[in-house]
Amino acid sequence: MQNDIQEVLYSQEAIQQKVQELGAAISRDYDGRNPLVICVLKGAFIFMADLSKNITIPIELDFMAVSSYGNSTRSSGEVKIIKDLDAFVEGRDVLIVEDIIDSGLTLSYLIDVLERRNALSVNVVALFDKPGRRTVDLNADYTGFTIPDAFVVGYGLDYAEKYRNLPYVGVLKPEVYSS
Ligand code: PRP
Ligand code: MN
Ligand code: MG
C-alpha cells in the first residue's frame, strides 16, 4: 500500500495538530448549543473520530452515507443517499463533517437536504479543500488544509475504496490510477 504513494503531503502529526485547532474553534463557537455533528461516510470517518475527541462541549453524533464518485477519480455529478440520518434535524444546529471538498456537489446537495428539513443552522467543517476544482459556489465554515489538485488518499480518503486506512495523506502515484 505504501509503495503506491508518491509523496506524503500531511503527516499524522500535522493532521492531529490541525484537528486540535478545528476542535477548539468549534468548541468555542458552539458553546451552549448542543449541535448535531454529522459524519459524511465513508470518507469522513477517521476525521470525525479524531475531531469529536477534540470537541469539549456536549454534542450529538450522527452518520450519513452519500456517494458521488463510485470507483472513478472524477465526480459523476450525481449524489446518492446510501444511509440517512437517524436524528431529526428540525430546529437543530447542524455541523457537517467532511474529509474533502472537491467540486462541492456532495456538500451542496447535503446542505440543501438539511435546510429543507428545517435545520436551525447548517455549517461545514472540511479537513481538506480543493478550491481549484469547484463547480458550485460553496465554502466550508472551517477548513483544515487548502490543497492543490492532486489525487490524494489516506486518512479516510480512498481511491476505488482503497487507502482509507493510511494514517497520513499522500499523493497517489499516477501509474496506480492510469493503468
Ligand atoms: C468524496 C469525499 C467527499 C466528496 C467530495 O466522497 O469524501 O465526500 O467526494 O467531492 P465533491 O466535492 O466533488 O462532491 P465519495 O463520493 O468518493 O464517497 P466516499 O466518502 O465514500 O469515498
Ligand atoms: Mn465522501
Ligand atoms: Mg470516495
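Everything below is about the structure shown above.
Structural notes, computed from the coordinates. Please read all numbers here as calculations on a predicted model, not as lab measurements.

Calculation rules
- Residues numbered from 1 in each chain as written.
- Chains lettered and ligands numbered in written order.
- Predicted model: local features only at pLDDT ≥ 70, side-chain atom pairs only at ≥ 80, totals over all residues.
- Heavy atoms only, no water.
- Helix = DSSP H or I, 4+ residues; strand = E, 2+ residues; numbered from the N terminus.
- Expected span 1.5 Å × (residues − 1).
- Buried < 20%, exposed > 50% of the residue type's maximum accessible area, 1.4 Å probe, protein only.
- Arc of directions from axis to C-beta.
- Contact = heavy atoms within 4.5 Å.
- Pairing = 2+ DSSP bridges.
- Polar contact = N/O pair within 3.5 Å; in protein donor to acceptor, adjacent residues only side chain to side chain.
- Near = heavy atom within 4 Å.
- Areas by Shrake-Rupley, 256 points an atom, 1.4 Å probe, with all protein chains shown as cover.
- Nonpolar A, V, L, I, M, F, W, Y, C, P; charged D, E, K, R; others polar.
- Salt bridge = Lys/Arg side-chain N within 4 Å of Asp/Glu carboxyl O.
- Phe/Tyr/Trp six-rings, centres within 6.5 Å; stacked < 30°, edge-to-face > 60°.

### Let's talk about helix H3 (residues 105-116)
- Between its first and last C-alpha atoms H3 spans 17 Å; for 12 residues at 1.5 Å apiece the expected length is 16 Å, and the two agree.
- Turning to H3, its buried residues number three or more, namely Thr106, Leu107, Leu110, Ile111, Val113 and Leu114. Along H3, the residues classed as buried sweep out an arc of 160 degrees about the axis, all on the same side.
- Elements in contact with the buried residues of H3: strand S2 (36-41), strand S3 (60-67), strand S5 (93-101) and strand S6 (121-129).
- Among the residues trailing H3, Asn118 stands out with phi positive, at a value near 65 degrees.

### Structural notes on the sheet that holds strand S9 (residues 169-172)
- On the basis of which strands lie adjacent, the open sheet formed by 3 strands has the order S1-S9-S8 and antiparallel pairing. The sheet terminates laterally at strand S1 (5-10) and strand S8 (152-153), the two strands that pair on one side only.
- Bridging between S1 and S9 involves 4 bridges; their strand directions are antiparallel. Of the residues in S9, the one forming a bridge with Val8 is Gly170.

### Regarding the environment of Arg33
- Looking at the element boundaries, Arg33 is found in the loop between helix H1 (12-29) and S2.
- Residues Arg33 and Pro58, 25 residues apart in the sequence, show an inter-C-alpha distance of 8.2 Å.
- If sequence neighbours within four positions are ignored, Arg33 has contacts with Asp93 and Ser121.
- Within the structure, Arg33 has its side chain in polar contact with the backbone oxygen of Asp29 (distance 3.1 Å).

### Things to note about the side chain of Arg92
- Its place among the elements puts Arg92 in the loop between strand S4 (80-83) and S5.
- Apart from residues no more than four positions distant in its own chain, Arg92 is found in contact with Asn34, Pro35, Leu36, Glu60, Ala119, Leu120 and Ser121.

### Looking at the site of ligand 1
- The environment of ligand 1 is formed by 18 residues, the closest being Glu98, Asp99, Ser103, Gly104 and Thr106.
- Here an oxygen atom of ligand 1 and a backbone polar atom of Lys42 are 3.1 Å apart.
- Ser103 is positioned such that a nitrogen or oxygen atom in its side chain is 2.5 Å from an oxygen atom of ligand 1.
- Taking 490 Å² as the accessible area of ligand 1 by itself, protein coverage stands at 94%.
- Among the secondary structure elements, those contributing two or more residues to the shell around ligand 1 are S3, S5 and H3.
- Residue composition of the shell around ligand 1, grouped by class: 6 nonpolar, 6 polar and 6 charged.

### Here's the deal with the pattern of salt bridges
- The final tally for this structure, using the stated rule, is 13 salt bridges.
- Its salt-bridge partner being Arg164, residue Glu161 comes within 2.7 Å of it at the nearest N-O pair.
- Under the relative-accessibility criterion, Glu161 is labelled partly exposed at 39%.
- One connected set of salt bridges, linked through shared partners, spans Lys42, Asp158, Glu161 and Arg164.

### Regarding the packing of aromatic side chains
- Evaluation of the coordinates by the stated rule reveals 6 aromatic pairs.
- Seen from their ring centres, Tyr10 and Phe128 are 5.4 Å apart, and the 45 degrees between their planes marks the pair as tilted. In this pair, Tyr10 is assigned in strand S1 and Phe128 in strand S6, connecting sequence segments 118 residues apart.
- Residue class for Tyr10 comes out buried when judged on its relative accessible area of 15%.

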